[in-house]
Number of protein chains: 2
Amino acid sequence: MSIIDFLLGRPIASYEERAEQIGIAAGVPIFGMDALSSVAYGPEAALTLLIPLGLAGVRYIVPLSLSVITLLVIVFFSYRQTIAAYPGGGGSYTVAHRNLGTLPGLLAAAALMIDYVLTAAVGISAGIGALISAVPALHAETLTLCLVALALITLANLRGVREAGGIFMLPTYLFLLCMFAAIAIGVVKTLLSGGHPVAIVPPPAPPAAVEAVTLWLLLKAFASGCSAMTGIEAVSNGSKAFRKPTVPLAQRTLAVVIVSLVVMLAGMAFLSRAYHIAAIDPNSAAYQSVLSMIFAAVAGRGWFYYLSIGCVLLVLIFSANTAFTDFPRVCRAIAEDRFLPVSFANRGRRLVYSEGILVLAVLTAVLLVVFGGVTDRLIPLYAVGAFLAFTLSQAGMVAHWRKQKNPSFRNISINALGALATGATVMVVIVAKFTEGAWITVVIIPALLALMYSVRRHYDKVGRAIASPTPVDLSKLTAPLVVVPMPYWSKIAKQALRAALEISHDVKALYVIEENKHEDDFCREWETYVVKPARQAKVPAPELVQLKTPYRFVISPIVDYVIELSQANPDRRIIAIVPELVEKELFGYFLHTQRATLLKAMLLIKGNDRISVLNIPWYLK
Amino acid sequence: MSIIDFLLGRPIASYEERAEQIGIAAGVPIFGMDALSSVAYGPEAALTLLIPLGLAGVRYIVPLSLSVITLLVIVFFSYRQTIAAYPGGGGSYTVAHRNLGTLPGLLAAAALMIDYVLTAAVGISAGIGALISAVPALHAETLTLCLVALALITLANLRGVREAGGIFMLPTYLFLLCMFAAIAIGVVKTLLSGGHPVAIVPPPAPPAAVEAVTLWLLLKAFASGCSAMTGIEAVSNGSKAFRKPTVPLAQRTLAVVIVSLVVMLAGMAFLSRAYHIAAIDPNSAAYQSVLSMIFAAVAGRGWFYYLSIGCVLLVLIFSANTAFTDFPRVCRAIAEDRFLPVSFANRGRRLVYSEGILVLAVLTAVLLVVFGGVTDRLIPLYAVGAFLAFTLSQAGMVAHWRKQKNPSFRNISINALGALATGATVMVVIVAKFTEGAWITVVIIPALLALMYSVRRHYDKVGRAIASPTPVDLSKLTAPLVVVPMPYWSKIAKQALRAALEISHDVKALYVIEENKHEDDFCREWETYVVKPARQAKVPAPELVQLKTPYRFVISPIVDYVIELSQANPDRRIIAIVPELVEKELFGYFLHTQRATLLKAMLLIKGNDRISVLNIPWYLK
């Protein structure tokens, strides 16, 4: 078994993929993972911005969470309709492209691509952040741990992770169970204590207030908190995976996801406030995530704490996996429309879009390294892409309904409300987060669009250049002129000569000889080794052409001769035979001068349409 | 001008290299640089080991230096004879290989290769060490500075540094002048002050003694001090560069080098002792080189100090350059005997052995990084290789004389003494430095030998496999079977079909079609586009073969078909035409699936001797 086989698994034979047949129970983990896991960083991102307000800041988490929840409900109704309209899968690119046109489609695509890169990066770094909260000794290794997790996910995806499968179900439901349990315990304790519960492990006291509250600060905190909503488009993207009746099943799955998310967001806001849990600066060595503090305050640092944090870690890392399944698919959809290199649409040996996976892995690694593996710094970049894709998708739905024969006012207005709400959020996020990184998204999206258009232009240019709907011209076919370089007499040379004479009677053997020499053994042996056998076999003997050269180069005289020959014979094809010793061992490969490869490359670079290379392998047994 | 041209210079046309014609004045810098510069680290290495003895340690530098000087004189007479015997150049590999046989030759070669890598690393790190002594603020950047210097030297050598040239002369003679002046001033001051000179800038007081002197410690110090002798074989290596009368000129050059070296070693020992200059731990932030302390003590930190340190820096870095001219030559000599990949014997675009230069640069960089750019840690590894090469070379000379008709007892005994003295030193160095790194050399040399033998074995195996001193068999030549993959109808497809019919009338066009489809436009158009024109041109129409495939793969059905065809026609050659769109722009290159490349690679991997690939380029205008 080769190393590649060991790492990536044996190649999978090509067959029609079995249509997935899933229900709500499997749908929630598969498509909800990304959205549900957002609770691990959304509220925290908002609270982090409230740190300068000290203890007072904690109070604002409740109204902020309520705003996010409102937005969530609007978006829920909006996506319910997308599911109904596109039961075959309504990703933002598809919906915007079909209903609004190419530019909005590509805009959504670019936003989505950025979004997925950030999902991967945020998922991994938040997951590792949760791990570090539990084991603070690992703090110095944050970035290394992130990159190791990324490598494992990449490898798993190159092997081809089947989306379904119990692997996702257990941690997701365990995560929900832990969250709901912690919230329930905390709420009960708070109510029993008359609103002043005693934390089992008290969170660190919030620092003293150094700023007064401003609308601007709250706006920024809201913009950060919106990252809790990322990922909720996944159900409508993948709705075709549901078994029949597809639409209601997918809609109900979406409902479960949204309701769970609402409960968790509301619960976390309530507990943060009740237990006075403020965020901790993620750069501080005493960093702990808000979730970790909530679990510790409500239930102490016992088995339940570690179980919960373990689930958070798994769910976050698996949410990064969502990006690894979706990013390559978006790339493929765009590549199929030839706005990205067509190789993004090639499936690799394990039936996955390997190129998209690798590109995502590289981009994610760059992000993690640049931001030092700390989630919080990535959040400003995050929400723009996600909400831009939401907006375009909802706007596309509005256009979709308006094209119907009897446009339903209710349908239109639900999606229009969704588009307006998410569009307004995009604006808020761009403005509030501009200097903190949102400008990067704003710069990258047009750059991506420009790239995509130039890719398409190039394909169109090539397509026009090679198009030719007329019959082939087969008049005046002439046998080609064949040249065979002869470094020395060997089995390889013999094989090449035979092959040359099989395709043409016009063969020239090229022998490169030092400038100051006149003739050598080879030229004398030519008579015996080639001319005589040719006479016996009654074929025209190949001509031995001696190419003089200063001692150093062998390749250029051959290339020059071939080019001159093609100029002297403008109506004939020149075939340069390149015999090649093939070694299966890597050790042997490095020992041979790569002259054959170099000769082929030089002929390709300097050559023209009439110069072809015939590669004759000789296998070393 | 391309970036490559800018960095490496335009390619140099191939011509016979002008024989160098140098005398003593140029010979000393060119061949003496490496040896002379050793004074910058040899005595320092010995003194560093004496640090634990405190002030008392400084006294031992005098007898240690005298031992090294004795060894030096013995080796001088020994190499004088090598020059006389091999005026055409007597490198250790040559002398040992010719007189003692293959294994001793390769042993010397391996020792030399290691020695050169260490020369490069020690030269650079010692040069940077001198710079840091003058500008202590740069201490934290030691490794970076070393790597930058390495990159510059590598680049300069890839461009092809002409060995001759005033660039080496000025700093070498200035360096000698500064050294002699400092020694003279110091000696005079010492004598005038009755043996107790007052330092202008007093060296830091040696730390208190923490150990008593032992023979073992002195042995280790001697082994370290021997690194002052590295490089003295260079004159005999390069003697053919001298003008006539070659032998006396080369011998006198060697004498100048050795005498200068002796004066400097003796002077430094004297001054270290008189001024109580002990070495400073190179890991300490207060590190200064011994030479820097001597210059500062004798003449203060004025212009003379900075001039001297500047010369030391240049000479050391240029001494690394010696490795860059010699390492690739040793590799070439070994490669020409096919104990290393033959590509080491290829000259690059600037008439230099680029591959050797690159390999040396990589190995040096690895050493610098592993040892953190600090000279002292490299010294233990250094002397083993150099002295092993000395020993084998001298032993080779003994054998050389014994082969003469009238062996001269004097000649034999001089070289025998040299071989014994250097051989004994190898033993001392190995034992004294074993745990500090000499074991690495002891492990690497056999590994290198094993590698070289296996390279040679492989070449011999291939040579035997392809040798064939009999005429070519040209009976029963049959036109090949030609297959042409047709992805869709285009100018590229037309060109390929025409080329196919020019070389054979037995052409099969391969059209890959999805498994569940039956026929499509292409199959219908075939009649119009190909069959009819063929009938008109009176050539047999190519057969359209439809290959059914599950949708994913295009390459494998073609490869499988070609393999099957070759099995079904065991007496015929199969030519697979691979049309290829050639784009000169890099941007375009990435946009096209590398299917042509993949198809060629798959056919090469899965194919046999009778399957050839004809590559037909189509140039995008």
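Quick caveat, the model's predicted, so the values are computed rather than measured.

What counts, and where the lines are drawn
- Residues numbered from 1 in each chain as written.
- Chains lettered and ligands numbered in written order.
- Predicted model: local features only at pLDDT ≥ 70, side-chain atom pairs only at ≥ 80, totals over all residues.
- Heavy atoms only, no water.
- Helix = DSSP H or I, 4+ residues; strand = E, 2+ residues; numbered from the N terminus.
- Rg over C-alpha atoms; globule rule 2.2 N^0.38 Å.
- Buried < 20%, exposed > 50% of the residue type's maximum accessible area, 1.4 Å probe, protein only.
- Areas by Shrake-Rupley, 256 points an atom, 1.4 Å probe, with all protein chains shown as cover.
- Lys, Arg positive; Asp, Glu negative; His and termini not counted.
- Charge placed at Lys NZ, Arg CZ, Asp CG, Glu CD.
- Pairing = 2+ DSSP bridges.
- Axes fitted to C-alpha atoms, helices over the stretch in contact; angles between N-to-C directions.
- Contact = heavy atoms within 4.5 Å.
- Buried area = accessible area lost by both parts, 1.4 Å probe.
- Salt bridge = Lys/Arg side-chain N within 4 Å of Asp/Glu carboxyl O.
- Polar contact = N/O pair within 3.5 Å; in protein donor to acceptor, adjacent residues only side chain to side chain.
- Core = buried A, V, L, I, M, F, W, Y, C linked by side-chain atoms within 4.5 Å.
- Patch = residues over 30% accessible without salt bridge, like charges linked within 9 Å, V, L, I, M, F, W, Y side chains within 5 Å.

Trainee: For this particular structure, what's the right way to read the overall build of chain A?
Mentor: When helices and strands are tallied, chain A shows 22 helices and five strands. A compact globule built from 621 residues should have a C-alpha radius of gyration of about 25 Å, whereas chain A, at 33 Å, is more than 25% larger. If you line up chain A on its principal axes, its C-alpha atoms span 110 × 65 × 45 Å. A burial count over chain A gives 57% of its 621 residues as buried. With the model as given, the accessible surface of chain A reaches about 25600 Å², and the carbon-plus-sulfur share is 66%. Taking the 51 positively charged and 37 negatively charged side chains of chain A as two groups, their mean positions are separated by 9 Å.

Trainee: In this structure, what is going on with the sheet that holds strand E3 (residues 543-549) of chain A? I would like to understand it.
Mentor: The strands that make up a sheet are held in pairs by hydrogen bonds between backbone atoms, and each pair lies either parallel or antiparallel. What the 10 strands build is an open sheet, ordered E3(A)-E2(A)-E1(A)-E4(A)-E5(A)-E5(B)-E4(B)-E1(B)-E2(B)-E3(B); its pairing is mixed. At either end of the open sheet lies a strand with only one pairing partner, and these are E3 of chain A together with strand E3 (543-549) of chain B. The mean inter-strand angle of the sheet, taken between neighbouring strand axes irrespective of direction, is 30°. Looking at chain direction, strand E1 (residues 481-485) of chain B and strand E4 (residues 574-582) of chain B are connected through three bridges and run parallel. Residue Val-482 of chain B lies in a different strand from E4 of chain B, and its bridge partner there is Ile-575 of chain B. Lying on the sheet, helix H22 (residues 595-606) of chain B is in contact with strand E4 (574-582) and strand E5 (611-619) of chain A together with E1, E4 and strand E5 (611-619) of chain B; it crosses E4 of chain B at an angle near 155°.

Trainee: Looking at this model, I keep getting lost on the interface of chain A and chain B. Mind explaining?
Mentor: Accessible area lost on assembly of the parts is the figure often given for the size of an interface. Taken together, the contact between chain A and chain B spans 90 residues of the former and 91 residues of the latter. Of the roughly 7500 Å² buried between chain A and chain B on both sides combined, carbon and sulfur atoms contribute 59%. As a salt-bridge pair, Glu-502 of chain A and Arg-573 of chain B come within 3.8 Å of each other at their nearest N and O atoms. There are 30 residue pairs in polar contact (both at pLDDT 80 or more) connecting chain A and chain B. Of all the secondary-structure elements, those providing two or more residues to the side of chain A that touches chain B are helix H17 (409-466), helix H18 (491-503), helix H19 (521-537), E4, helix H21 (586-591), helix H22 (595-606) and E5 of chain A.

Trainee: Explanation requested: the nonpolar core in the structure shown.
Mentor: One broad rule of soluble globular proteins: the nonpolar side chains tend to lie buried together. Core analysis: the largest hydrophobic core is formed by 147 residues, its most contacted members being Phe-175, Ile-334 and Met-452 of chain A. If sequence neighbours within four positions are ignored, Ile-334 of chain A has contacts with Tyr-93, Leu-106, Ala-109, Met-113, Phe-339, Leu-340 and Met-452 of chain A. Of all hydrophobic cores here, the second largest spans 145 residues; its members include Leu-50, Ala-109, Tyr-116 and Phe-339 of chain B.

Trainee: Quick question: what am I supposed to make of a nonpolar patch on the surface here?
Mentor: All names here are of chain B. A cluster of nonpolar side chains, namely Phe-434, Trp-439, Val-442, Val-443 and Ile-444, defines an oily patch on the protein surface of about 420 Å² accessible area. On the secondary structure map, Ile-444 appears in helix H17 (residues 409-466). The exposure class of Ile-444 is partly exposed, given its relative accessible area of 35%.

Trainee: When you look at unusual backbone geometry in this model, what are you seeing that I'm missing?
Mentor: Excluding glycine, most residues fall at negative phi; most peptide bonds, likewise, are trans. All names here are of chain A. Of note, the amide linkage connecting Lys-244 to Pro-245 takes the cis form, showing an omega dihedral of -5°. Of note in the backbone geometry, Arg-338 takes a positive phi value of approximately 60° without being a glycine. Turning to its location among the elements, Arg-338 is positioned in the loop between helix H14 (303-336) and helix H15 (354-370). For Arg-338, a relative accessible area of 32% corresponds to the partly exposed category. Here the phi dihedral of Lys-476 falls at roughly 50°; this positive angle occurs in a residue that is not glycine. With respect to the secondary-structure elements, Lys-476 resides in the loop between H17 and strand E1 (481-485).

Take it as geometry only, folks, not as evidence of what the structure does.
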